[in-house]
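Inside the fold
Single-letter residue listing:
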Amino acid sequence: MRLDEQSREHIGRYGIKLVVAAAIAYILKSENFLATFALWTGIYGVMAVAYAVHRGERFGKTSFTYWDEALWLAATALGLYIFSGHQLAV
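Note that the structure is a prediction, hence the values are computed from the model and not measured.

What follows is about the overall build of the protein chain. Check the secondary structure of the protein chain and you find three helices and zero strands. N-terminal to C-terminal, the α/β element order of the protein chain is α-α-α. C-alpha extents for the protein chain along the principal axes are approximately 40 × 30 × 25 Å. Among the 90 residues that make up the protein chain, the fraction classed as buried is 32%. Residue pairs at least 24 apart in sequence account for 55% of intrachain contacts in the protein chain once pairs closer than 6 positions are excluded. Carbon together with sulfur atoms contributes 66% to the accessible area of the protein chain, which is approximately 6,200 Å² in total.

A positive phi angle, close to 50°, is found at Lys29, a residue other than glycine. Along the chain, Lys29 turns up in the loop between helix 1 (5-28) and helix 2 (33-55).

Our focus in this paragraph is the UniProt feature "transmembrane region" (unreviewed entry) in the protein chain. The sites that carry the UniProt feature "transmembrane region" (unreviewed entry) are, in the present numbering, residues 12-28, 34-53 and 65-84. Note that residues 65-84 is 90% helix and 0% strand, and that its end C-alpha atoms are spaced 29 Å apart.

With that settled, the discussion passes to helix 1. End to end, helix 1 covers 34 Å across 24 residues, agreeing with the expected 34 Å (1.5 Å per residue, within 8%). Against helix 2 and helix 3 (66-83) lie the buried residues of helix 1.

In this structure, Tyr14, Leu18, Ala21, Ala22, Ala25, Phe37, Ala38, Tyr44, Ala48, Ala70, Leu73 and Leu80 together form the largest nonpolar core, which totals 12 residues. Mapped by element, the contributors of at least two residues to this core are helix 1, helix 2 and helix 3. No other element matches helix 1, which puts five residues into this core. Aside from chain neighbours lying at most four places away, what touches Ala48 is Lys17, Tyr66, Ala70 and Leu73.

At their nearest, the axes of helix 1 and helix 3 sit 10 Å apart, and the two run at 30° to each other. Note on packing geometry: the crossing formed by helix 1 with helix 3 is right-handed. Contacts from His10, Ile11, Arg13, Tyr14, Lys17 and Leu18 in helix 1 reach Tyr66, Glu69, Trp72, Leu73 and Thr76 in helix 3.

Procedures and definitions
- Residues numbered from 1 in each chain as written.
- Predicted model: local features only at pLDDT ≥ 70, side-chain atom pairs only at ≥ 80, totals over all residues.
- Heavy atoms only, no water.
- Helix = DSSP H or I, 4+ residues; strand = E, 2+ residues; numbered from the N terminus.
- Buried < 20%, exposed > 50% of the residue type's maximum accessible area, 1.4 Å probe, protein only.
- Contact = heavy atoms within 4.5 Å.
- Areas by Shrake-Rupley, 256 points an atom, 1.4 Å probe, with all protein chains shown as cover.
- UniProt positions renumbered as here; feature names shortened; annotations may be inferred.
- Expected span 1.5 Å × (residues − 1).
- Core = buried A, V, L, I, M, F, W, Y, C linked by side-chain atoms within 4.5 Å.
- Axes fitted to C-alpha atoms, helices over the stretch in contact; angles between N-to-C directions.
- Left-handed = near helix turned anticlockwise from the far one by under 90°.

Structure (structure tokens):
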């Protein structure tokens, strides 16, 4: 299966957002790098949701959309947060 241009762009943006979130967490020199990394990744996820809503996007059947990107960012943020040693309150 080959990815189309739009899907490759979303994957690339996802990777760039992770690099930028990690850089911000590193520059802030917080006590818990992974928790700060998770926070900034989550913020990027919220921004992706806002942009998807603004554009009126729907989940794509053939291409990735900002909704997919938001889900990847949210899942990554959650994993980073759990891995940082924090417990989720239920």
